[in-house]
Amino acid sequence: MTTGRKAPFRADHVGSLIRPQRLVDARTAHKEGRLAADELKGIQHEAIREVAAMQEAIGLHSVTDGEFNRGAWHADFLLKFANVVPYVSDTPMQFKSDKGTSESKARSLKIVGRLGRPDPIFVDDFRFLASATTRTPKITLPSPSVLHFRGGRDAVDRQAYPDMEQFWEDLAHVYALEIGDLAEAGCRYLQLDEVNFAYLCDPRLREQVQSSINEDPDALPKTYARLINESIAGKPDDMVVCMHLCRGNFAGNWLAEGGYEPVADILFNSIDVDGYFLEYDTARAGGFEPLRLVPKGKTVVLGLVTTKKSEIETKDELKRRVEEASNFIPLDQLALSPQCGFSSGVGGSTMDIEHQNSKLRLVVETAEEIWGTAA
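Parameters at a glance
- Residues numbered from 1 in each chain as written.
- Predicted model: local features only at pLDDT ≥ 70, side-chain atom pairs only at ≥ 80, totals over all residues.
- Heavy atoms only, no water.
- Salt bridge = Lys/Arg side-chain N within 4 Å of Asp/Glu carboxyl O.
- Helix = DSSP H or I, 4+ residues; strand = E, 2+ residues; numbered from the N terminus.
- Buried < 20%, exposed > 50% of the residue type's maximum accessible area, 1.4 Å probe, protein only.
- Arc of directions from axis to C-beta.
- Contact = heavy atoms within 4.5 Å.
- Axes fitted to C-alpha atoms, helices over the stretch in contact; angles between N-to-C directions.
- Parallel < 35°, antiparallel > 145°, perpendicular 65-115°, else oblique.
- Left-handed = near helix turned anticlockwise from the far one by under 90°.
- Phe/Tyr/Trp six-rings, centres within 6.5 Å; stacked < 30°, edge-to-face > 60°.
- Core = buried A, V, L, I, M, F, W, Y, C linked by side-chain atoms within 4.5 Å.
- Pairing = 2+ DSSP bridges.
- Right-handed = clockwise from strand over helix to strand, strands pointing away.

1. Quick look at the pattern of salt bridges
Between side chains of opposite charge, pairing is possible as soon as their charged atoms come close.
Here's step 1: Under the definition given, this model contains 21 salt bridges.
Here's step 2: Asp170 is the salt-bridge partner of Arg114, the closest N and O atoms lying 2.6 Å from each other. Note that Arg114 is positioned in strand 3 (residues 100–116) and Asp170 in helix 6 (residues 164–184), a separation of 56 residues in sequence.
Here's step 3: For Asp170, a relative accessible area of 11% translates into the label buried.
Here's step 4: Between Arg320 and Glu324 there is a salt bridge whose closest N-O contact spans 2.8 Å. Taken together, the positions of Arg320 and Glu324, both in helix 11 (residues 315–325) and 4 residues apart, correspond to about one turn of that helix.

2. A word on helix 11
Here's step 1: Listed in full, the buried residues belonging to helix 11 are Leu318, Arg321, Val322 and Ala325. Projected down its long axis, helix 11 carries its buried residues within an arc of 105°, all on one side. Structural note: helix 11 exposes Asp316 and Glu323 on the side pointing more than 90 degrees away from its buried face.
Here's step 2: Where helix 11 is buried, its residues contact strand 9 (299–305), strand 10 (334–338) and helix 12 (353–371).

3. Structural notes on the packing of helix 11 against helix 12
Here's step 1: The geometry of helix 11 relative to helix 12 is characterised by a closest axis approach of 10 Å and an angle of 55° between their N-to-C directions. Taken together, the axes of helix 11 and helix 12 lie oblique to each other. Here helix 11 runs over helix 12; the crossing is right-handed. When helix 11 is examined against helix 12, the residues Lys315, Leu318, Lys319 and Val322 are found in contact with a partner set consisting of Leu362, Glu365, Thr366, Glu369, Ile370 and Trp371.

4. Considerations on the packing of aromatic side chains
Here's step 1: Applying the stated criterion across every chain, the model contains 12 aromatic pairs.
Here's step 2: Pairing Phe77 with Phe81 gives two aromatic rings, centres 5.3 Å apart and planes at 70°, and the pair type is edge-to-face.
Here's step 3: Judged by relative accessible area, which is 0%, Phe77 ranks as buried.
Here's step 4: For Phe81, a relative accessible area of 3% puts it in the buried group.

5. Concerning the nonpolar core
Here's step 1: Residues Phe81, Leu171, Phe197, Leu291 and Leu302 are the most contacted members of the largest nonpolar core, which totals 110 residues.
Here's step 2: Among the elements that line this core, the one with the most residues is helix 6, at 10 residues.
Here's step 3: Not counting residues up to four positions away in its chain, the partners in contact with Leu171 are Phe81, Leu115, Pro144, Leu147 and Leu227.

6. A short note on the sheet that holds strand 6 (residues 189–193)
Here's step 1: Spatially, 5-6-7-8-9-10 is the arrangement adopted by the 6 strands of the open sheet, whose pairing is parallel. The sheet is open, and its two edges are formed by strand 5 (139–142) and strand 10, each paired on a single side. Direction aside, the axes of adjacent strands within the sheet are offset by 25° on average.

7. What about the pairing of strand 10?
Every regular strand shows the same layout, with side chains that alternate between the two sheet faces.
Here's step 1: Burial analysis of strand 10 places 5 of its 5 residues in the buried class, which makes it a mostly covered element.
Here's step 2: Of the strand pairs in this sheet, strand 9 and strand 10 are connected by 5 bridges, and their pairing is parallel. Bridged to Val301 within strand 10 is Ala335.
Here's step 3: With helix 11 bridging strand 9 and its parallel neighbour strand 10, the resulting β-α-β unit is right-handed.

8. Description of unusual backbone geometry
Here's step 1: Omega for the peptide link from Ala7 to Pro8 comes to -5°, which places this bond in the cis form.
Here's step 2: Although it is not a glycine, Asn83 adopts a positive phi angle of roughly 70°.
Here's step 3: Even without being glycine, Asn214 reaches a positive phi, approximately 55°.
Here's step 4: Here Asn214 is to be found in the loop between helix 8 (203–212) and helix 9 (220–232).

The following block contains the structure:
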């Protein structure tokens, strides 16, 4: 089904969805050598067909595969690059929740040689998703900044990259290759999951950037903006690219706090994307004032429905907050969504599938009452 409006749609969502238990069990069995790869793929494809049908039935006009092909939102993609390996960084991570704070070392990625992309990564996954829906299929990729932020210069092999400019060029190039192949496969709606701009809104994490990875928190947004622009520069004119920003989300926990003001100008005016999925479900994300800097022609998808708790918001509450945001950006440039995905990794959810679907249905129904359409 096609609509007269390009993505992002009035009712949209970030992408990841809660995996059904049979898929979780199948992944475990495959990891333990009890299930063949082709059998896992068959179970995965069946689950994706079902979750695509669910999104269509609810009334969404963008459909994702729920990231059912991944164990985590970022690693399954980035570890397919040549010379990228996992490691545990010395950078501490403080996850916060309503119950308190816990600290651990960051699970990160290290570059041990020149970057490359030996094979397409999510292209076949996109083709399958496109075959499973009549709506607009959306693919999500971790932003290229994710490969740098946690480890910084020390996580990039100095022999392979004595000059960081070559690293940025290679990183943009491997993204451009994947995006080019996705475009050739028919992808016209792409989302980059960009957590690091939001982390750079947090004074504590800005200090950590200086002390742990020896980077300038004022300079990084400019570096990342250029990296993203170079990564998507070769996309077709009719491909919509959006960015999703959040402050960390795993099983109801978060990493960062602070409004968008420190990065707003660069975020909205220096990055060549069409729209932004912005976390706005709690006061941790600050007020709507930074939206005054969004230029005409770009859409902001307000993430007002939380995926961190199962309690269902009310339509009146959502309408009131959309009205507040419209004091800083025209209503026609706004849309509505959950603030993040529902399961950024296997086991990373705080509710059951029934509550998830109720929240997605709430987004659709509220958008229809505000704008007259969910498309």
